[in-house]
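Listed here are the chains, written in short residue letters.
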Amino acid sequence: MRKILVLFILGFGLTQSCNNKNCNNAICTEEFAMLLVKLSSSSNPSLNKIRTESILVEGNVVLERDSAKNAFQGQYFGLATDSHLRQLGYNKENSMLFKVYQSDSLIYTGQYVVATDCCHIDLKEGAINVVLP
């Protein structure tokens, strides 16, 4: 019973520290969050000559640049990761743009909302499966 009580207190403390406005004392899990967008195209199934950019609207900051050769399993492209917390800010919601280029021509722009706490990022709005023209 004592162990359960200790675990409950620790768990409650962890959840409260991530919701706290002051992130200096936050105790975060070792989980690493990545937001990925899955691209597909019937006219270009191998996604040749595709590259992407994810842009933080506030300040027009490019967070990620990816190409088909660097994409996870060839079709998942990075929007943001926990490593971008400093740029995104803590305990905020951020507007982002995800742009897809093929042979240097813009073929898709998607709007996203990414929320942060003291430890991790989370997708609030935006398509994670995108079918390109």
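Note that the structure is predicted; figures quoted are calculated from it, not measured. (Residues numbered from 1 in each chain as written. Predicted model: local features only at pLDDT ≥ 70, side-chain atom pairs only at ≥ 80, totals over all residues. Heavy atoms only, no water.)

## Remarks on the sheet that holds strand E3 (residues 61-67)
For clarity, the cut-off: Note on pairing: two strands pair once DSSP finds at least 2 bridges between them. The helix and strand labels rest on DSSP assignments: H or I over at least four residues marks a helix, E over at least two residues marks a strand, and numbering proceeds from the N terminus. Axis geometry follows a simple rule: fit a line to the C-alpha atoms, using only the stretch in contact for helices, then measure angles between N-to-C directions, giving values from 0 to 180 degrees.
Pairing within the open sheet is antiparallel, and its five strands lie in the order E3-E2-E5-E6-E7. Both outer strands of the open sheet, E3 and strand E7 (121-125), are each paired with one neighbouring strand and no more. Going across the sheet, the axis of each strand differs from the next one's by a mean of 30 degrees, ignoring polarity. Judged from the four bridges that link them, strand E6 (residues 105-116) and E7 form a sheet pairing that is antiparallel. Residue pairing across strands places valine 114 opposite leucine 123, the latter belonging to E7.

## Focus: the sheet that holds strand E1 (residues 34-41)
The strand order across the open sheet built from three strands is E4-E1-E8, with neighbouring strands paired in mixed fashion. For this open sheet the edge positions go to strand E4 (76-81) and strand E8 (129-132), each flanked by a neighbour on one side alone. Each neighbouring strand pair of the sheet contributes to a mean axis angle of 25 degrees, computed without reference to strand direction. Note: E1 against E8, four bridges, orientation parallel. Across the sheet, serine 40 pairs through a bridge with valine 131, a residue of E8.

## Focus on the nonpolar core
Heads up, the condition is: Nonpolar cores are built from buried Ala, Val, Leu, Ile, Met, Phe, Trp, Tyr and Cys residues. Side-chain atoms within 4.5 Å join them into one set. Note on exposure labels: buried denotes an accessible area under 20% of the residue type's maximum, exposed denotes more than 50%, and partly exposed covers the range between, all computed with a 1.4 Å probe on protein chains only. By definition in these notes, contact holds between two residues if any of their heavy atoms fall within 4.5 Å.
Within the largest apolar cluster, 23 residues are counted, with the highest numbers of intra-cluster contacts made by Leu39, Phe77, Leu79, Met96, Phe98 and Ile121. Broken down by secondary-structure element, the contributors of at least two residues to this core are E1, strand E2 (50-56), E4, helix H2 (85-88), strand E5 (93-102), E6 and E8. Not counting chain neighbours up to four residues away, the residues in contact with methionine 96 comprise Ser54, Ile55, Leu56, Val57, Leu63, Leu79, Ala80, Leu88, Gly110, Gln111, Tyr112 and Val114.

## Some remarks on the pattern of salt bridges
A side chain of one charge can pair with a side chain of the opposite charge when the charged atoms of the two come close. The condition is simple: One speaks of a salt bridge when a side-chain nitrogen belonging to Lys or Arg is within 4 Å of a carboxyl oxygen belonging to Asp or Glu.
Evaluated as defined, the whole model comprises five salt bridges. Of the charged contacts, one joins glutamate 53 and arginine 51 as a salt bridge, the two residues approaching to 3.9 Å between their closest N and O atoms. Looking at glutamate 53, the relative accessible area reads 11%, which means it is buried. The residue glutamate 53 makes a salt bridge to arginine 65 at a minimum N-O spacing of 3.2 Å.

## Section: the packing of aromatic side chains
Rule in force here: What counts as a ring pair is set by centres within 6.5 Å for rings of Phe, Tyr and Trp (its six-membered ring), and what kind of pair is set by the plane angle: stacked under 30 degrees, edge-to-face over 60, tilted for all other angles. Sitting over a ring, as applied to charges here, requires NZ of Lys or CZ of Arg to be within 6 Å of the ring centre and within 35 degrees of the ring normal.
Overall, the coordinates contain one aromatic pair when judged by the stated rule. For the cation-ring pair, arginine 51 lies above tyrosine 101, with the distance from its terminal atom to the ring centre recorded as 4.2 Å.

## Considerations on the confidence of the model for the protein
What counts is decided by this rule: For every residue, the predictor states its confidence as a pLDDT score lying anywhere from 0 to 100.
Taken residue by residue, the protein gives an average pLDDT of 85. The fraction at 70 or more is 84%. Per-element averaging of pLDDT across the protein places helix H1 (residues 2-19) at the bottom with 47 and E6 at the top with 97. Confidence over residues 1-10 falls short of pLDDT 50; this stretch has zero contacts with residues more than four positions distant or in other chains.

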